[in-house]
Amino acid sequence: EAGVTQFPSHSVIEKGQTVTLRCDPISGHDNLYWYRRVMGKEIKFLLHFVKESKQDESGMPNNRFLAERTGGTYSTLKVQPAELEDSGVYFCASSPPRLTNTGELFFGEGSRLTVL
Amino acid sequence: GESVGLHLPTLSVQEGDNSIINCAYSNSASDYFIWYKQESGKGPQFIIDIRSNMDKRQGQRVTVLLNKTVKHLSLQIAATQPGDSAVYFCAETRQSGGSNYKLTFGKGTLLTVNP
């Protein structure tokens, strides 16, 4: 079974440009999460989808960040325009529907974003 | 792979020794705790979890201890191996609040196992 996959693995852009990160969760996982880790700091929650609906987006830093999950399958996270402080590793995670959920989140390998 | 921040707590042990990694959590309402392992260039990987109605849980070579009185969590790794070298994160959440596993992560501890 394929795990959570993220693309790209690494993106280098200049301040002011736009970047779109993609996450493909494990098939059948209704819950999809975005987290990020800024250098040297803890992994922080960004938002949570249940299927195509945003359940909780309290961690989104500002309106330069836009997450979508059309059709409830893969998700994209767009940063526009990117700023220097957006550099870090963006992790996507997924988990099964609640009734079968043991609490474990399955993480992808992350997309490293470097803003110059 | 992802580099480790200069401010990350570190633990260096000899192969074969036991390791203890500690974590202090902040939310007294948290009722579910997880330890994750992150190897360089990879995402966090689930190791073991514990619910707040327990104070100890054992897995294969790993044991998690929970002290709710002082809001402290620890991960014990027996007979540490070079493959255990990674950054270890504790995470907490409140399942009963319907947060559906919105995790709050600790800063992480870098474990280095010397052969």
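Scope of this entry: the structure provided in the associated data block. This is a predicted model, so every value here is computed, not measured. (Residues numbered from 1 in each chain as written. Chains lettered and ligands numbered in written order. Predicted model: local features only at pLDDT ≥ 70, side-chain atom pairs only at ≥ 80, totals over all residues. Heavy atoms only, no water.)

Side note on the interface of chain B and chain A
Next up, step 1: In this complex, chain B contributes 27 residues to the contact, which on the side of chain A involves 25 residues.
Next up, step 2: Summing the contributions of chain B and of chain A, the shared interface buries around 2,200 Å²; its carbon and sulfur component is 51%.
Next up, step 3: Counting the contacts that link chain B with chain A gives zero salt bridges.
Next up, step 4: Between the two partners, chain B and chain A, sit two residue pairs in polar contact (both at pLDDT 80 or more).
Next up, step 5: Secondary-structure elements contributing two or more residues to the side of chain B that touches chain A are β3 (32-38) and β4 (45-51) of chain B.
Next up, step 6: If one sorts the elements of the side of chain B that touches chain A by residue count, β3(B) sits on top with four residues.
Next up, step 7: Here the side of chain B that touches chain A is built from residues that sort into 10 nonpolar, 11 polar and six charged. (Contact = heavy atoms within 4.5 Å. Buried area = accessible area lost by both parts, 1.4 Å probe. Salt bridge = Lys/Arg side-chain N within 4 Å of Asp/Glu carboxyl O. Polar contact = N/O pair within 3.5 Å; in protein donor to acceptor, adjacent residues only side chain to side chain. Helix = DSSP H or I, 4+ residues; strand = E, 2+ residues; numbered from the N terminus. Nonpolar A, V, L, I, M, F, W, Y, C, P; charged D, E, K, R; others polar.)

Notes on the packing of aromatic side chains
Next up, step 1: This model, assessed by the stated rule, comprises 12 aromatic pairs over all chains.
Next up, step 2: Ring centres 5.7 Å apart and planes at 75° place the aromatic pair A:Tyr35 and A:Phe45 in the edge-to-face group. One end of the pair, A:Tyr35, is in strand β4 (residues 31-37); the other, A:Phe45, is in strand β5 (residues 43-50), and 10 residues separate them in sequence.
Next up, step 3: Given a relative accessible area of 9%, A:Phe45 falls into the buried group.
Next up, step 4: Relative to B:Tyr36, the ring of A:Phe107 has its centre 5.3 Å away and its plane inclined at 85°; by these criteria the two rings are edge-to-face. (Phe/Tyr/Trp six-rings, centres within 6.5 Å; stacked < 30°, edge-to-face > 60°. Buried < 20%, exposed > 50% of the residue type's maximum accessible area, 1.4 Å probe, protein only.)

A look at the sheet that holds strand β6 (residues 62-67) of chain B
Residues and elements named next belong to chain B.
Next up, step 1: With antiparallel pairing, the four strands of this open sheet are ordered in space as β2-β7-β6-β5. Both outer strands of the open sheet, β2 (19-24) and β5 (56-58), are each paired with one neighbouring strand and no more. For this sheet, the mean inter-axis angle between neighbouring strands, taken without regard to orientation, is 15°.
Next up, step 2: Two elements, β5 and β6, share three bridges in a ladder whose sense is antiparallel. Each residue of the ladder has a partner; that of Arg57, found in β6, is Val64. (Pairing = 2+ DSSP bridges. Axes fitted to C-alpha atoms, helices over the stretch in contact; angles between N-to-C directions.)

Comments concerning the sheet that holds strand β3 (residues 19-24) of chain A
Residue and element names in this part refer to chain A.
Next up, step 1: Overall, antiparallel pairing links the four strands, which are arranged β1-β3-β8-β7 in an open sheet. A single partner strand is all that each edge strand has here, and the edge strands are β1 (5-7) and β7 (65-68). Here the average twist between neighbouring strands, direction ignored, is 15°.
Next up, step 2: With three bridges joining them, β1 and β3 adopt antiparallel strand pairing. When the bridges of β3 are listed, Phe7 appears paired with Arg22.

Considerations on the pairing of β2(B)
All names here are of chain B.
Next up, step 1: Alternating residues of β2 divide into Ser19, Ile21 and Cys23, all buried, and Ile20, Asn22 and Ala24, none buried.
Next up, step 2: Taken together, the six bridges between β2 and strand β7 (residues 72-77) define a ladder with antiparallel strand orientation. Bridge pairing links Ser19 to Ile77 in β7.

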